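Understanding the architecture of this molecule
Here's the letter readout for the chains.
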Amino acid sequence: MCQGAVSASEHASRFGHAFGARFASELARLRAFAEDGLVEIAADASLRVTPTGRLVLRNLAMVFDAYLEGAPADRARFSQTL
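Quick look at the structure, then. These numbers come from a predicted model, not from an experiment.

**Side note on the packing of aromatic side chains**
The final tally for this structure, using the stated rule, is three aromatic pairs. Taking 6.2 Å as the distance between ring centres and 35° as the angle between the ring planes, the aromatic pair formed by Phe19 and Phe64 counts as tilted. Here the residue Phe19 occupies a position in helix α2 (residues 19–22), and Phe64 occupies one in the segment after α4 (57–62), the gap between them amounting to 45 residues. Through a chain of ring-to-ring contacts, three or more aromatic side chains come together here, namely Phe19, Phe23 and Phe64. In this structure, Arg22 packs its charged tip against the face of Phe23, placed 4.6 Å from the ring centre.

Structure representation (structure tokens):
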């Protein structure tokens, strides 16, 4: 994702499972970003960050951070976004 895209087919060949199935809940959370024009989600679940989305790439990637999921809002973090 840091390169601006995630290929579902490349992910499947490298890790042996379907990207869309493995990250279904994350993709659901990304739909709000897609509606805002920040990321494009293809039919095969491949992702492409738009030029505007690159400004908030860290926020997009945070959707996939397992350490942040379910973390209390008042928990200290090493870094913050705008």
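**Focus on the nonpolar core**
Grouped together as the largest cluster of nonpolar side chains are 14 residues, with contacts concentrated most on Met1, Phe19, Leu27, Leu30, Leu47 and Leu60. Counting only elements with at least two residues in this core, the list comes to α3 (24–35), β3 (47–49) and α4. Once residues lying within four places of it in the same chain are set aside, the contact partners of Met1 are Val6, Leu47, Val49, Leu57, Leu60, Ala61 and Phe64.

**Quick look at the sheet that holds β3**
Spatially, β1-β3-β2 is the arrangement adopted by the three strands of the open sheet, whose pairing is antiparallel. Pairing within the sheet leaves two strands with one partner each, and these edge strands are β1 (5–6) and β2 (39–41). As judged from the three bridges shared by β2 and β3, these two strands associate in the antiparallel manner. Bridge pairing in β3 places Ile41 opposite Leu47. Where α3 meets the sheet, its contacts fall on β2 and β3, and the angle it forms with β2 comes to roughly 130°.

**A short note on the side chain of His11**
Looking at the secondary structure, you find His11 in helix α1 (residues 8–15). Among residues more than four places away in sequence, those in contact with His11 are Gly16, His17, Phe19 and Phe23.

Calculation criteria
Residues numbered from 1 in each chain as written. Predicted model: local features only at pLDDT ≥ 70, side-chain atom pairs only at ≥ 80, totals over all residues. Heavy atoms only, no water. Phe/Tyr/Trp six-rings, centres within 6.5 Å; stacked < 30°, edge-to-face > 60°. Helix = DSSP H or I, 4+ residues; strand = E, 2+ residues; numbered from the N terminus. Lys NZ or Arg CZ within 6 Å of the ring centre and 35° of its normal. Core = buried A, V, L, I, M, F, W, Y, C linked by side-chain atoms within 4.5 Å. Buried < 20%, exposed > 50% of the residue type's maximum accessible area, 1.4 Å probe, protein only. Contact = heavy atoms within 4.5 Å. Pairing = 2+ DSSP bridges. Axes fitted to C-alpha atoms, helices over the stretch in contact; angles between N-to-C directions.

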